[in-house]
Amino acid sequence: MNSIMNTYARFPLTLVRGKGSRVWDEKDNSYLDFIAGIAVNTLGHANPAMTKAIAQQASEMLHCSNLFHIPKQQLLADQLTSLSGLDAAFFCNSGAEANEAAIKLARKYFYDQNSPRRAIISATQSFHGRLLSTLTATGQDKVKIGFDPLPPGFSHVPLNDIKALKLAINDHTAAILLEPLQGEGGVNIAEATYLQAVRELCDEQGILLILDEVQTGIGRCGTMFAFEQAEIKPDILTLAKGLGGGMPIGAMLASAAVAPSFGPGTHGSTFGGNPMSCTASLTVLREIASSKLLDNVNQRGEQLRQGLQALAPSVPIIKQVRGQGLLLGVELNVEAAPFVAAARDKGLLILMAGPNVLRFLPALNVSAEEVDEALTTVAAVLKESKTWV
Ligand SMILES: *Cc1c(COP(=O)(O)O)cnc(C)c1O
């Protein structure tokens, strides 16, 4: 028996080092990395600014308990609140933990008002993490099977269906929890008009809007947060994946109205917001600002999208190209897995998003040449598909 539990069906590949958007296996074969640790390696691998910043921090202090003030955590909270327009941050170590914190804060907010509102409505096909609370919020049965009893107070509605949401809301609804763009669930975009209508509905009914930007946040979609594109603001925002550029960190941000419900003793995390993770996040934010990375996300995103779109006429198995910035998906009318494997054999690492969608998530500093290289590989792989379907 393998001494690692078998929770991942791993690719037959062992990656040992990386530089920018390129990674190497233990036999020194190189691959172009359009997975980036599943939207984690924001600045690519072995980014010099990142390496320098975390080496410096490691030489000063790795960890400090949240029983003490942590200057880098304060700096990071200041920057994230200023960037998001929210007012206070709680730090944890992962996306699931950030969503758990969001759910707890929403419930506590209504508890503090003597309101019975406790229930969370989320979307079908959503993904919110693997904790008992967050897998229950997740709109996909496959993550729940075998883990009952699941916590009560969660229900699901189809994305982009405002009527269904209106019908689902009742006197016990505390919050609507949505991804602005569903990453794991198939690269499904929540339309701006839908998000605006949800925001209005929440305001009318006194319900909180929680946006899960664990995958979409920190520049991935071409704006610092995807919600900016819908010109709305959530009451609670969750971040993780790209926030640390490879160091584990999650964050839950909330408005001034909601945040005070987390007082001393209500929630916590031993590791959350430690000096190492916060240093990495500060480096990510600094690089995004100073090297005009958002422009690159938009330009490379457009280049990749157009290149994929241009394949469609000659590749009939392409159903749709969609996404935002550098979170792009190609829906096929056949299974996507063989194409992910074929791309890997040709030196390109891409992911799936559900059974039929190829997902592209390169580092935000990916170059035009690297995008061209990926497009050439994808074209070759999809055109060869004639022999397999
Ligand atoms: C990955 C992901 C999560 C879970 O993050 P973990 O760090 O794996 O716990 C939650 N929400 C979304 C939208 C994600 O993409």
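Residues numbered from 1 in each chain as written. Predicted model: local features only at pLDDT ≥ 70, side-chain atom pairs only at ≥ 80, totals over all residues. Heavy atoms only, no water.

## Observations concerning the pattern of salt bridges
Counting across every chain of the model gives 10 salt bridges. A salt bridge links Glu302 to Arg305, with the nearest nitrogen and oxygen atoms 3.6 Å apart. In this pair, Glu302 and Arg305 both sit in helix α9 (residues 293-311), 3 residues apart, roughly one turn of the helix. Owing to a relative accessible area of 22%, Arg305 belongs among the partly exposed residues under this scheme. As a salt-bridge pair, Arg322 and Glu331 come within 2.7 Å of each other at their nearest N and O atoms. Residue class for Arg322 comes out buried when judged on its relative accessible area of 13%. Under the relative-accessibility criterion, Glu331 is labelled buried at 18%. (Salt bridge = Lys/Arg side-chain N within 4 Å of Asp/Glu carboxyl O. Helix = DSSP H or I, 4+ residues; strand = E, 2+ residues; numbered from the N terminus. Buried < 20%, exposed > 50% of the residue type's maximum accessible area, 1.4 Å probe, protein only.)

## Overview of the state of the cysteines
Enumeration according to the criterion identifies 0 disulfides in this entry. Of all cysteine sulfurs in the structure, the one in Cys278 sits closest to Cys92, which takes part in no disulfide; the separation is 11 Å. (Disulfide = S-S within 2.5 Å.)

## Thoughts on the sheet that holds strand β5 (residues 119-123)
Spatially, the 7 strands line up as an open sheet ordered β4-β12-β11-β10-β7-β5-β6, and their pairing is mixed. What marks the edges here is a single partner per strand, and that holds for β4 (88-92) and β6 (154-157). The mean angle between the axes of side-by-side strands here comes to 20°, regardless of whether they run parallel or antiparallel. Running at roughly 125° to β4, helix α3 (residues 71-84) makes contact with β4, β11 (236-239) and β12 (250-254) of the sheet. Each of β4, β5, β6, β7 (173-178), β10 (208-212), β11 and β12 is contacted by helix α4 (residues 95-112), which is oriented at about 165° to β11, the strand it contacts most. (Pairing = 2+ DSSP bridges. Axes fitted to C-alpha atoms, helices over the stretch in contact; angles between N-to-C directions. Contact = heavy atoms within 4.5 Å.)

## Some thoughts on the domain arrangement of the protein
One widely used convention gives an interface's size as the accessible area the parts lose upon coming together. Each domain of the protein was delimited in the assignment, giving domain 1 (15-33 + 292-384) and domain 2 (50-290). Contact with domain 1, which involves 21 residues of that partner, is made by 22 residues of domain 2. Summed over both partners, the interface of domain 1 with domain 2 buries about 1600 Å², with 56% contributed by carbon and sulfur atoms. Together, Leu294, Gln324 and Leu327 form the three largest contributors to the area buried by domain 1 at its contact with domain 2, with a combined 37%. (Domains from an automatic or database assignment. Buried area = accessible area lost by both parts, 1.4 Å probe.)

## A closer look at the nonpolar core
Among the nonpolar cores identified, the biggest contains 77 residues, and Phe34, Leu80, Ile176, Leu332, Leu358, Phe360 and Leu382 are the most heavily contacted of them. Per-domain counts for this core show at least three residues from each of domain 1 (15-33 + 292-384) and domain 2 (50-290). The contacts of Ile176, once residues within four sequence positions are left out, are Ile121, Leu165, Ile169, Val198, Cys202, Ile207, Leu208, Leu209 and Ile210. In terms of nonpolar packing, the next biggest core, distinct from the first, is built from 24 residues, Ala102, Phe110, Ile120 and Leu177 among them. (Core = buried A, V, L, I, M, F, W, Y, C linked by side-chain atoms within 4.5 Å.)

## Observations regarding the environment of Thr173
Mapped onto the fold, Thr173 is located in strand β7. A relative accessible area of 1% means that Thr173 is categorised as buried. Aside from chain neighbours lying at most four places away, what touches Thr173 is Arg117, Ala119, Ile121, Ala168 and Ile207. Polar side-chain contacts of Thr173 include one of 2.8 Å to the backbone nitrogen of Asn170. (Polar contact = N/O pair within 3.5 Å; in protein donor to acceptor, adjacent residues only side chain to side chain.)

## Quick notes on the packing of α9 against helix α11 (residues 368-383)
Running from amino to carboxyl end, α9 crosses α11 at an angle of 20°, the nearest separation of the two axes being 10 Å. When the axis of α9 is compared with that of α11, the two are roughly parallel. Note that α9 runs across α11; the crossing there is right-handed. On the side of α9, the interface is formed by Arg300, Gln303, Leu304, Gly307, Leu308 and Leu311, while α11 contributes Ala368, Val371, Asp372, Leu375, Val378, Ala379, Leu382 and Lys383. Grouping the constituent residues of the contact of α9 with α11 by class yields 9 nonpolar, 2 polar and 3 charged. (Parallel < 35°, antiparallel > 145°, perpendicular 65-115°, else oblique. Left-handed = near helix turned anticlockwise from the far one by under 90°. Nonpolar A, V, L, I, M, F, W, Y, C, P; charged D, E, K, R; others polar.)

## Points about the site of the ligand
Residues in close proximity to the ligand include Ser94, Gly95, Ala96, Asn99, Phe127, His128, Gly129, Glu179, Asp212, Val214, Gln215 and Lys241, which together make up its full environment. Phe127 places a polar main-chain atom, nitrogen or oxygen, 3.2 Å from a nitrogen atom of the ligand. Residue Gln215 places a side-chain N or O atom 2.8 Å away from an oxygen atom belonging to the ligand. For the ligand, whose free accessible area comes to 380 Å², the fraction covered by protein is 82%. (Near = heavy atom within 4 Å. Areas by Shrake-Rupley, 256 points an atom, 1.4 Å probe, with all protein chains shown as cover.)

## Some details on the packing of aromatic side chains
In the structure shown here, the tally under the stated rule is 3 aromatic pairs. Arranged with centres 4.9 Å apart and planes meeting at 75°, the rings of Tyr109 and Phe110 form a pair that is edge-to-face. Where Phe225 meets Phe227, the ring centres are 5.5 Å apart and the plane angle is 0°; that geometry is what we call stacked. In terms of burial, Phe225 and Phe227 fall into one category: buried. (Phe/Tyr/Trp six-rings, centres within 6.5 Å; stacked < 30°, edge-to-face > 60°.)

## Examining unusual backbone geometry
Here Asp148 and Pro149 are connected by a cis peptide whose omega angle stands at 5°. Inspection of the secondary structure puts Pro149 in the loop between α5 (132-137) and β6. Backbone geometry places Ile218, a non-glycine residue, at a positive phi of 60°. Mapped onto the secondary structure, Ile218 falls in the loop between β10 and β11. Given the relative accessible area of 3%, Ile218 is considered buried.

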